[in-house]
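Each chain, letter by letter, is given below.
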Amino acid sequence: MEFFFNPFDNLLCILLGISFTVWITSLLVFIIVPAIFGVSFGIRRLYMKTLLKVFEWATVRLERGAKENNHPLYKPYSNAIIAKEPTSLEEEIKEIRRSGSNKDLDSASEFEMSDIFYFARRGVESIMDDEVTKRFSAEELESWNLLTRSNYNFQYISLRLTVLWGLGLLIRYGLLLPLRVTLAFTGVGLLVFLTSLIGLLPNGRIKNLLSEKVHLMCYRICVRALTAIITYHDSENKPKNGGICVANHTSPIDVIILASDGCYAMVGQIHGGLMGVIQRSMVKACPHVWFERSEVKDRHLVAKRLSDHVDDKTKLPILIFPEGTCINNTSVMMFKKGSFEIGTTVYPVAIKYDPRFGDAFWNSSKFGMVNYLLRMMSSWAIVCSVWYLPPMSREEGEDAVHFANRVKAAIARQGGLVDLLWDGGLKRDKVKDTFKEEQQKLYSKMLVGTQEDRSRS
Amino acid sequence: TGPRCPTTRRSRELQIWVKPNCFLALVTLPFVSEVRRLDKRFKKLDLDDSGELSVKEFMSLPELQQNPLVQRVIDIFDKDGNGEVDFSEFIEGVLQFSVKGTKEQRLHFAFRIYDLDNDGFISNGELFLTLKTMVGKNLEDVQLQQLVDKTILSADTDRDGRVSFQEFCKVSQTNGVL
């Protein structure tokens, strides 16, 4: 029995050894070394182009197949059921009244029974499709990207398509996922190890330089761990020391994307577990601003620590996400005014993900962190564009809320996102009653206003 | 009145159970995709997967919470009065306001908002209460009562002290805005 297995055993061992060596070498040469030096072979871009061609073909096949079988295709944005127009309460009610049959133009009546149409229509419109809740779930795609998670029309259409999908599955889970997981562990491990080492050095120029290099290198490895293909625009506007960098928030990956191109001081709450270990070792190498859970509630304390940090010009620019929560990258929601009260230059950054290759949005009510990362690593790639916008500062006599909205509008415009006034916190909380009272006030003004006009004339 | 449709109609993909005497019998291909979209929306709103929408689930929509008449709108959707809106009630309610709904349906919907006890007439008290929800604390009760009295006076052509559906339609005849 032993003779029978021995030669095969040896052969197997040799084969395994060789493939392992080849694997590690190619990993090193093609991925880790370029990450250290910040260069790129362009492999990822080639991959992206190939994938796009495949997706186009897949969508065409899907549409053709659907037509042949007479199945209605579900298209998320067409077939608008209710035609919405953005007008104010007063305009709309006047419109409704004006088109009444027996009205003469002079008598402005105070109340019409038809006024109720405005509220009823608005109510039903919101029930049908509202602007807010659709920002808290993944964006729906027009074309199919061979991932069942983003497919709403999936039925058996053709053998070729299914084979392609199966092949894609194999590649993503069998080849790409293990590769990415290895890289991720390497990146994070190196980060923790090297920053702890650097922490032993005395404070000075060398320490800052080394810490910069180490941070950049590890983040670049993490970028490759996600196969993130990032295009940076307008790098001349990159944030400088003593400033605050604000960006729209889609997922925790935003941090990795921004930090692989520049060095920032992070702001956040100290977590336990692995995150906590990473946070604690990072702060040894360069000053980040981490808060204990109890300190987060104290707004003055937070503001003071942030101002102290920006006043010190040797420290890195702070990275903040003023929305406070993850939004699905189709819109920008209300910016919390805290970071805009500090009174220093603000560097806005717009991040827009291309949803065709993988959905980067973290729906924290649906997936936990680990689940989310696994989904990220098993999609095709993360493709995004980063725009560095020119710096803005608060003008004379401008209050923080107004400034925040100005910055938000600039980010929304550049990223091609919808600019909303709604608070991202509505993901979990209810609307304040003041909104309803606002509507009531507006309507009453209409009724009373006309009364005053009449009594005056 | 209107075409009769079979008691239940089940589509392979859509799984809608539809009550009799409803206008959904006029199903055509583009219409099916609208219903499918509504189905998706319904499932999204149904947070506890109970198959029916409660008031609480409607109230999870921020834009609806700021509408002072939201409770009345939901009450009208809830045809059988069990406090929850099931899928066929949902479809019927929403489609009345869509491009597929008729002016008559919309007028009826608006009338129902005023007619709190659903007796087919809008009384002085009902109009007052509805107006009160629309303006909140911003107008005095006395002012409000004056408006109500004036409105009923001008709308009530048969002088019975309340507004019937026909009188309502005449008063709020709008051309094409709905």
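Residues numbered from 1 in each chain as written. Chains lettered and ligands numbered in written order. Predicted model: local features only at pLDDT ≥ 70, side-chain atom pairs only at ≥ 80, totals over all residues. Heavy atoms only, no water.

Per an unreviewed UniProt entry, chain B carries the name EF-hand domain-containing protein and comes from Neogobius melanostomus. Check the Function (unreviewed entry) section of the UniProt entry for chain B; it says "Regulatory subunit of calcineurin, a calcium-dependent, calmodulin stimulated protein phosphatase. Confers calcium sensitivity." Quoted straight from UniProt, the Sequence similarities (unreviewed entry) entry for chain B says "Belongs to the calcineurin regulatory subunit family." (UniProt positions renumbered as here; feature names shortened; annotations may be inferred.)

Per an unreviewed UniProt entry, chain A carries the name Glycerol-3-phosphate acyltransferase 4 and comes from Neogobius melanostomus. Reading the Sequence similarities (unreviewed entry) entry of the UniProt record for chain A gives the comment "Belongs to the 1-acyl-sn-glycerol-3-phosphate acyltransferase family." Entered under Subcellular location (unreviewed entry) in the UniProt record, the comment concerning chain A runs "Membrane".

Structural notes on the overall build of chain B
When its secondary structure is counted, chain B shows nine helices and four strands. Starting at the N terminus and walking to the C terminus, you meet the elements of chain B as α-β-α-α-α-β-α-α-β-α-α-β-α. By residue count, 51% of the 178 residues in chain B fall in the buried class. In the form shown here, chain B has an accessible surface area of approximately 8900 Å², with 55% of it arising from carbon and sulfur atoms. (Helix = DSSP H or I, 4+ residues; strand = E, 2+ residues; numbered from the N terminus. Buried < 20%, exposed > 50% of the residue type's maximum accessible area, 1.4 Å probe, protein only. Areas by Shrake-Rupley, 256 points an atom, 1.4 Å probe, with all protein chains shown as cover.)

Overview of the confidence of the model for chain B
Residue and element names in this part refer to chain B. Of all residues in chain B, 75% attain a pLDDT of 70 or more, and the chain-wide mean is 73. By mean pLDDT, helix α1 (residues 29-45) is the weakest element of chain B at 71, and strand β3 (residues 121-122) is the strongest at 87. Every residue in residues 1-30 is under pLDDT 50, and counting partners more than four places away or in other chains gives 43 contacts. Interface confidence for the predicted complex, expressed as ipTM, amounts to 0.71; the pTM equals 0.65. (pLDDT = per-residue confidence, 0-100. Contact = heavy atoms within 4.5 Å.)

Side note on the sheet that holds strand β8 (residues 382-388) of chain A
Residue and element names in this part refer to chain A. One open sheet accounts for seven strands, arranged β1-β8-β7-β2-β5-β3-β4; its pairing is mixed. Two strands lie at the open edges of the sheet, namely β1 (228-233) and β4 (289-291), each paired on one side alone. Taking each pair of neighbouring strands and ignoring which way they run, the sheet shows an average axis angle of 25°. As judged from the three bridges shared by strand β3 (residues 265-269) and β4, these two strands associate in the parallel manner. (Pairing = 2+ DSSP bridges. Axes fitted to C-alpha atoms, helices over the stretch in contact; angles between N-to-C directions.)

Quick notes on the UniProt feature "transmembrane region" (unreviewed entry) in chain A
According to UniProt, the feature "transmembrane region" (unreviewed entry) maps to residues 20-43, 157-175 and 181-201 of chain A in the numbering used here. Within residues 181-201 of chain A, the helical portion is 90% and the strand portion 0%, while the C-alpha atoms at the span's ends are 31 Å from each other.

Side note on helix α7 (residues 124-135) of chain B
Residue and element names in this part refer to chain B. Relative to the 16 Å expected for twelve residues at 1.5 Å per residue, α7 spans 17 Å between its end C-alpha atoms, a close match to the ideal helical length. The complete set of buried residues in α7 reads E126, L127, F128, T130, L131, M134 and V135. Once α7 finishes, G136 follows within two positions and takes phi at roughly 65°, a positive value. (Expected span 1.5 Å × (residues − 1).)

Section: the environment of D86 of chain B
As for its placement among the helices and strands, D86 of chain B is situated in strand β2 (residues 85-86). On the basis of relative accessibility, which here comes to 15%, the residue D86 of chain B falls in the buried class.

A word on the environment of G416 of chain A
Residue and element names in this part refer to chain A. Inspection of the secondary structure puts G416 in the loop between α12 (400-415) and β9 (418-419). Given a relative accessible area of 60%, G416 falls into the exposed group. Considered as a pair, G416 and T330 are 86 residues apart in the sequence and their alpha carbons are 8.2 Å apart.

Focus on the UniProt feature "domain: EF-hand" (unreviewed entry) in chain B
In this numbering, the UniProt entry assigns the feature "domain: EF-hand" (unreviewed entry) to residues 65-100, 102-137 and 143-178 of chain B. Secondary structure across residues 102-137 of chain B comprises 67% helix and 6% strand; the distance between its end C-alpha atoms is 35 Å.

Describing the pairing of β8 of chain A
One face of the sheet, then the other: side chains in a regular strand alternate in exactly this way. All names here are of chain A. Among the seven residues of β8, seven are classified as buried, and the element is accordingly described as predominantly covered. Across the two faces of β8 the burial is the same, with I382, C384, V386 and Y388 and V383, S385 and W387 all buried. Inspection of the sheet shows β1 paired to β8 by six bridges, in the parallel sense. Along β8, the bridge assignment pairs T231 with S385.

Some words on the nonpolar core
The biggest cluster of nonpolar side chains holds 58 residues, and the ones touching the most others in it are F111 and Y443 of chain A together with F77, F90, F109 and F168 of chain B. Among the elements that make up this core, the one with the highest residue count is helix α4 (residues 116-128) of chain A (eight residues). Sequence-distant contacts of F109 of chain B, that is, excluding residues within four places in its chain, are made with A120 and V124 of chain A together with V73, I76, F77, Q96 and F97 of chain B. With 49 residues, the next largest nonpolar core counts I32, L183, M266 and F321 of chain A among its residues. (Core = buried A, V, L, I, M, F, W, Y, C linked by side-chain atoms within 4.5 Å.)

Description of the packing of aromatic side chains
Remark: the centre distance and the inter-plane angle together describe each pair of aromatic rings, the angle taken between the planes. Residue and element names in this part refer to chain B. This structure, assessed with the given rule, holds eleven aromatic pairs over all chains. For the pair F77 and F109, a centre-to-centre distance of 6.2 Å together with 85° between the ring planes defines the contact as edge-to-face. Here F77 is found in helix α4 (residues 70-77), whereas its partner F109 is found in helix α6 (residues 103-114), with 32 residues between them in sequence. Each member of the pair, F77 as well as F109, carries the same accessibility label: buried. Aromatic pair F111 and F165: ring centres 5.3 Å apart, planes at 70°, arrangement edge-to-face. Here the residue F111 occupies a position in helix α6, and F165 occupies one in helix α9 (residues 165-171), the gap between them amounting to 54 residues. Its relative accessible area of 3% is what places F111 among the buried residues. (Phe/Tyr/Trp six-rings, centres within 6.5 Å; stacked < 30°, edge-to-face > 60°.)

Here we look at the pairing of β3 of chain A
All names here are of chain A. Sheet analysis places β3 next to strand β5 (residues 318-320), joined by two bridges and oriented parallel. Opposite A265, over in β5, you have I318 as the bridge partner. In this view, the connection linking β3 to its parallel neighbour β4 by way of helix α8 (residues 273-285) has right-handed handedness. (Right-handed = clockwise from strand over helix to strand, strands pointing away.)

Points about the side chain of E398 of chain A
All names here are of chain A. For E398, the location among the structural elements is in the loop between β8 and α12. You can call E398 buried: its relative accessible area is 10%. Of the polar contacts made by the side chain of E398, one reaches the side chain of H402; its length is 3.0 Å. Within the structure, the side chain of E398 is placed 2.9 Å from the side chain of R406, a separation counted as a polar contact. When sequence neighbours within four positions are dropped, the list of residues in contact with E398 reads F403 and R406. (Polar contact = N/O pair within 3.5 Å; in protein donor to acceptor, adjacent residues only side chain to side chain.)

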